[in-house]
Amino acid sequence: MKKEEIMKKLVIYLCVGVMALGLTACGSGEEDNTTPSTETTQSTATEEAQGTEDTTATEEGIAGSEMDVANGWSEEMNTIKTAVVDALGEGYWPNTPIVPEMLEGTFGISSDMYSDYMGEIPMISTNVDTLLIIKANDDKVEAVETALNTYRDNLIADTMQYPQNVGKIQASRIEKVGNYVCFVQLGGGNLIDENVSEEQSIIKCQEQNELAIEVIGQNLAH
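What you see is a predicted model; the values in this text were computed from it and never measured.

The rules behind these values
- Per chain, residue numbering runs from 1 following the sequence as it is written.
- In keeping with the predicted nature of the model, local features appear solely for residues at pLDDT of at least 70, side-chain atom pairs appear and are counted solely at 80 or more, and the whole-chain, interface and lining totals rest on all residues.
- Heavy atoms throughout the structure, all of them, feed into the side-chain values; hydrogens and water do not.
- Two strands form a pair only when DSSP identifies at least two bridges running between them.
- The helix and strand labels rest on DSSP assignments: H or I over at least four residues marks a helix, E over at least two residues marks a strand, and numbering proceeds from the N terminus.
- Helix axes are fitted to C-alpha atoms over the stretch in contact, other axes to C-alpha atoms as well, and angles between N-to-C directions run from 0 to 180 degrees.
- With the far helix as reference, a near helix turned anticlockwise by less than a right angle produces a left-handed crossing, and one turned clockwise produces a right-handed crossing.
- Contacts are assigned to residue pairs that have any heavy atoms within 4.5 Å of one another.
- Classification used: nonpolar for Ala, Val, Leu, Ile, Met, Phe, Trp, Tyr, Cys and Pro, charged for Asp, Glu, Lys and Arg, polar for all others including Gly.
- Exposure classes here rest on a 1.4 Å probe applied to the protein chains alone. A residue is buried below 20% of its type maximum, exposed above 50%, and partly exposed in between.
- Expected helix span is given by 1.5 Å per residue-to-residue step, counting one fewer step than there are residues.
- The arc in question is traced by the directions running from the helix axis to the C-beta atoms.
- Between rings of Phe, Tyr and Trp, where Trp is taken as its six-membered ring, a pair exists when centres lie within 6.5 Å; planes separated by under 30 degrees are stacked, by over 60 edge-to-face, and by other angles tilted.

J.: Looking at this model, I keep getting lost on the pairing of strand β4 (residues 173-177). Mind explaining?
T.: The side chains of a regular strand alternate, residue by residue, between the two faces of the sheet. Here β4 runs beside strand β5 (residues 180-185); their pairing, made up of five bridges, is antiparallel. Paired with Glu 175 across the strands is Cys 182, a residue of β5.

This is the structure:
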């Protein structure tokens, strides 16, 4: 009996030992499986974050390049435009660049007539505020001036479309400074003040245009 009891105890101990080894092996396997999973998750999150940053940077780069293309003015023209804006303040309404296609199609000034230019109009078509400075080629100064006068005459003849702009159009100026030809039709909200007569509003627009011409001349002189 004693031998049989001893044998039973040995069998029990062996079984317990085998089970303990099995549990240890299982625990080790679970740790091995968990570690790569965590690393993979972290790696994926990092890649997604980097991808988002790269996409944002790319989008910002595209937006910036599009803005540069839309403007495309020389340093001289940007300097003059900034000086006019500073002088007129809130009275400067143009905010949309005049592209070369519009310069030719609307104003009648083709690319062979100038070496440099800048131009802006309002985004809202019911406003007519315009700043346009053309650096004409030496043999095209008169042609540019004629084209701008024709454009202005057409505006005056078509004022019935936007009668609220009649005064502003009448107050517009075409000025030649050397081989630079300028068209200024500014005045902001001078014609929408109910407390000011139409005649007084026109005078205010003329003053704004005169100020713009003066600033342009000062900057071209330097």
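J.: Looking at this structure, how should I read the packing of helix α2 (residues 75-88) against helix α6 (residues 198-221)?
T.: To describe two helices that pack against each other, one gives the angle between their axes and the distance between the axes. One can describe the packing of α2 onto α6 by two numbers: an axis separation of 9 Å at closest approach and a directional angle of 140°. Helix-helix and strand crossings are classified by hand; for α2 and α6 the assignment is right-handed. Touching Glu 76, Thr 79, Ile 80, Ala 83, Val 84, Ala 87 and Leu 88 of α2 are Gln 208, Leu 211, Ala 212, Val 215, Ile 216, Asn 219 and Leu 220, all from α6. For the contact of α2 with α6, the residue count by class is ten nonpolar, three polar and one charged.

J.: Any chance you could explain the sheet that holds strand β2 (residues 114-121) here in plain terms?
T.: Whenever strands of a sheet pair, they do so through backbone hydrogen bonds, lying parallel or antiparallel. Read from one edge of the open sheet, five strands run β1-β2-β3-β5-β4, paired in antiparallel fashion. What marks the edges here is a single partner per strand, and that holds for β1 (96-97) and β4. As defined by bridge partners, β1 adjoins β2 across two bridges and the pair is classed as antiparallel. Paired with Thr 96 across the bridge in β2 is Ile 121. Helix-sheet contacts for α2 involve β2, β3 (130-136) and β5, and the interaxial angle to β2 is about 30°. In the packing of α6 onto the sheet, contacts are made with β3, β4 and β5, and the angle to β5 comes to roughly 155°.

J.: Can you walk me through the pairing of β2 in this structure?
T.: Most of β2 is tucked away: seven of the eight residues are buried. Pairing between β2 and β3: six bridges, direction antiparallel. Pairing of Gly 119 across the sheet is with Leu 132, part of β3.

J.: Would you mind showing me how to read α6 here?
T.: An α-helical segment advances 3.6 residues per turn. Residues three or four places apart therefore align on the same side. In this model, α6 (24 residues) spans 35 Å end to end at C-alpha, consistent with the 34 Å of a helix rising 1.5 Å per residue. Buried residues of α6: Ser 201, Ile 202, Cys 205, Gln 208, Asn 209, Ala 212, Ile 213, Val 215, Ile 216 and Leu 220, and no others. Summarising the contacts, the buried residues of α6 are in contact with α2, β3, α5 (166-170), β4 and β5.

J.: Sorry, what's going on with helix α4 (residues 141-157) here?
T.: Given a rise of 1.5 Å per residue, 17 residues ought to cover 24 Å, and the 25 Å separating the end C-alpha atoms of α4 matches this to within 8%. Looking only at α4, the buried set comprises Val 141, Val 144, Ala 147, Leu 148, Tyr 151, Arg 152 and Leu 155. One side of α4 carries all its buried residues, which in axial view fall inside an arc of 135°. Summarising the contacts, the buried residues of α4 are in contact with β3, α5, β4 and β5.

J.: Whenever I open this one, the packing of aromatic side chains confuses me. Can you help?
T.: By convention here, two paired aromatic rings are described through the distance between centres and the angle between planes. On inspection of all chains with the given rule, the structure shows three aromatic pairs. Aromatic side chains Tyr 151 and Phe 183 sit 5.6 Å apart centroid to centroid with 85° between the ring planes, which places their arrangement in the edge-to-face category. Of the two residues, Tyr 151 is situated in helix α4 and Phe 183 in strand β5; the sequence distance between them amounts to 32 residues. An aromatic cluster is built from Phe 107, Tyr 151 and Phe 183, whose rings are joined through pairwise contacts.

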